[in-house]
Amino acid sequence: MIRKLLIVLSFLSTLYSPAKTREVHVIDTARIKIVYERIMVLDTLCPNKRFKNDILSLFAGDRASAFYSEENRTDLEMQDNPEYLLRSFKDPELSKNLAGLENEAIFREYDKNLQTVHQRYDLSNWQLNEDIEKPQWEIQDSIINILGYDCVMASSQYRGRRWTAFFSPEIAIPEGPWKLLGLPGIILKAYDNKKEYCYDAVEINTDKPGLVEYYNYRDRLIIKDRIKGLIHRYSAQKSNIKEKIQAAYGISNMAVRTDSTQDKRYDFEETDYPHNKTK
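Notes on the structure in this doc start here. Sequence order as written defines residue numbering, which begins from 1 separately in each chain. Where totals are concerned, whole chains, interfaces and linings use all residues; where local detail is concerned, this predicted model gives features only for residues with pLDDT of at least 70, and gives and counts side-chain atom pairs only at 80 or more. Neither water nor hydrogens contribute to the side-chain values; these are computed over all heavy atoms in the structure.

Focus: the overall build of the protein
The helix and strand labels rest on DSSP assignments: H or I over at least four residues marks a helix, E over at least two residues marks a strand, and numbering proceeds from the N terminus. The secondary structure content of the protein amounts to six helices and 13 strands. Contacts in the protein between residues far apart in sequence, at least 24 positions, make up 63% of those at least 6 positions apart. What sets the accessible areas is the Shrake-Rupley method with a 1.4 Å probe; for residues, cover comes only from the shown protein chains. Surface accessibility of the protein: about 14100 Å² in total, with carbon and sulfur atoms responsible for 50%. A contact between two residues is defined here by any heavy atoms of the two lying within 4.5 Å.

So, in structure tokens, the structure goes:
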């Protein structure tokens with residue numbers, strides 16, 4: 001029993017970096033916080049049956065923005081607590097819920113023209129640094145009301161998908177969910193033409209929106225090429241992470257936190273990469 005516990009603790013410490021190795025610092029004061037519900041199709045053959053909902057937050061200021069799951073960030077902050085880690089792995093339902101949280105975080109620093117993307121896959125933390133590439137939008141003449149704001153339609157072909165967005169000129173902040181930005185007003189709704197990714201604002205806070213904070217593990221691998229990163233990530237999400245962990249540590253009959261999107265037919269928001277390569 002003691003040996004098994006030691007193996008489990010060793011596994012946990014290797015799989016998840018301690019919170020003390022994570023860097024967190026303020027990069028701006030937010031002018032607005034918008035909470036979005038994202039519906040993501042997990043199986044394109046059964047789009048109405050296999051999908052998941054995420055709640056993601058955008059903090060936008062004059063100099064920077066951050067977009068991530070606040071629930072996942074709370075989980076990261078708890079990972080320096082051994083009791084929490086053990087409980088999350090011993091409880092299959094809790095493990096399943098935590099594994100399903102969106103772990104991608106996107107930070108933009110406008111004066112540096114820098115967009116930093118943090119992800120976790122293939123048992124590693126990854127960071128991509130890229131220029132801020134704004135979609136080339138075409139503004140349409142359709143208007144809808146979202147949360148009390150009149151929003152104008154715009155469309156763009158961006159990184160492999162055709163996107164439709166609705167932005168509010170009343171909130172003159174050129175930001176939006178994920179990597180969608182650059183319109184003369186904040187985006188409150190967006191979806192691709194297949195509706196495999198749909199973002200809808202469910203909450204707007206301009207009173208006390210908080211801070212724009214950058215966070216990431218110092219122990220991470222740098223992606224130097226976006227396309228190669230997408231190819232590797234696509235290959236990794238098709239592999240059986242649970243089997244990799246159990247084979248490496250000799251663990252069997254143990255709940256293992258894995259990505260809930262594994263073994264399902266879906267693609268990323270960006271599809272402009274060769275899908276038939278694994279290296």
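Looking at the pairing of strand 6 (residues 124-131)
Taken across its eight residues, strand 6 has six buried, putting it largely inside the fold. One bridge is not enough; two strands pair if DSSP finds at least two bridges between them. Sheet topology places strand 5 (residues 114-121) next to strand 6; eight bridges connect them, and they run antiparallel. Bridge pairing in strand 6 places glutamine 115 opposite glutamate 130. Here three bridges tie strand 6 to strand 13 (residues 221-223), and the two strands are oriented parallel to one another. Paired with leucine 128 across the two strands is isoleucine 223, which belongs to strand 13. Burial status follows relative accessibility: with a 1.4 Å probe on protein chains alone, a residue under 20% of its type maximum counts as buried, one over 50% as exposed, and anything between as partly exposed.

Side note on the packing of aromatic side chains
Stacked, edge-to-face and tilted are the three classes for Phe, Tyr and Trp ring pairs, Trp counted by its six-membered ring, which pair at centre distances within 6.5 Å; planes under 30 degrees apart are stacked, over 60 edge-to-face, the rest tilted. In this structure the tally under the stated criterion is 13 aromatic pairs. Grouped by ring-pair contacts, the aromatic residues Phe59, Tyr68, Phe107, Tyr214 and Tyr215 constitute a single cluster. Directly above the aromatic system of tyrosine 191 lies the positively charged group of lysine 195, at a separation of 4.9 Å from the ring centroid. Both a distance and an angle decide whether a charge sits over a ring: NZ of Lys or CZ of Arg must be within 6 Å of the ring centre and within 35 degrees of the ring normal. The ring of phenylalanine 268 carries arginine 233 above its face, with NZ or CZ at 4.1 Å from the centroid.

Focus: the pattern of salt bridges
One side-chain nitrogen of Lys or Arg within 4 Å of one carboxyl oxygen of Asp or Glu is enough to make a salt bridge. Summed over the entire model, instances satisfying the criterion amount to 19 salt bridges. Here arginine 108 ties to glutamate 175 by a salt bridge, and the two come within 2.6 Å at their closest N and O atoms. You can see arginine 108 sitting in strand 4 (residues 105-109) and its partner glutamate 175 sitting in the loop between strand 9 (161-168) and strand 10 (186-192), a full 67 residues away along the chain. An identical accessibility class is assigned to arginine 108 and glutamate 175; each is buried. Lysine 112 is the partner of glutamate 109 in a salt bridge, and the nearest nitrogen-oxygen pair spans 3.4 Å. The buried category is assigned to glutamate 109, whose relative accessible area is 18%. Note on lysine 112: relative accessible area 53%, which makes it exposed. Taken together, the shared-partner salt bridges in this structure form one network comprising Glu130, Glu133, Arg159, Lys179, Arg226, Glu270 and Asp272.

Description of the environment of asparagine 216
Take asparagine 216: it is sitting in strand 12 (residues 211-217). Sequence separation of asparagine 216 and histidine 118 is 98 residues, and the distance between their C-alpha atoms is 7.1 Å. Pairing of N or O atoms within 3.5 Å defines a polar contact, subject to two protein rules: one partner must be a possible hydrogen donor and the other a possible acceptor, and residues neighboring in sequence count only if both atoms are side-chain atoms. Side-chain polar atoms of asparagine 216 contact the side chain of histidine 118, separated by 3.3 Å. Polar side-chain contacts of asparagine 216 include one of 3.3 Å to the side chain of glutamine 127.

Digging into unusual backbone geometry
Although it is not a glycine, leucine 147 sits at a positive phi angle of roughly 50 degrees. Among the structural elements, leucine 147 can be located in the loop between strand 7 (138-146) and strand 8 (149-158). For lysine 195, which is not glycine, the phi torsion reads 55 degrees and is therefore positive. Mapping lysine 195 onto the fold places it in the loop between strand 10 and strand 11 (197-205).

Comments concerning the environment of alanine 154
Within the secondary structure, alanine 154 is located in strand 8. When its relative accessible area of 0% is taken as the criterion, alanine 154 is described as buried. When the C-alpha positions of alanine 154 and alanine 165 are compared, they lie 5.2 Å apart, and in sequence the two are eleven residues distant. Sequence-distant contacts of alanine 154, defined by excluding residues within four places in its chain, comprise Trp137, Glu138, Ile139, Gln140, Trp163, Thr164, Ala165, Phe167 and Leu183.

Some words on the nonpolar core
Each nonpolar core is a collection of buried residues, namely Ala, Val, Leu, Ile, Met, Phe, Trp, Tyr and Cys, held together in the definition by side-chain atoms within 4.5 Å. Grouped together as the largest cluster of nonpolar side chains are 46 residues, with contacts concentrated most on Phe67, Trp178, Leu180, Ile186, Ile187 and Tyr199. The greatest single-element share of this core, amounting to five residues, is contributed by strand 10. In this structure, isoleucine 186 is in contact with Ile32, Ile34, Leu58, Phe166, Phe167, Ser168, Ile171, Ile173 and Glu175, ignoring residues within four places of it in sequence. Core analysis: the next-biggest nonpolar cluster, separate from the first, contains eleven residues, Ala30, Ala64, Val212 and Tyr214 among them.

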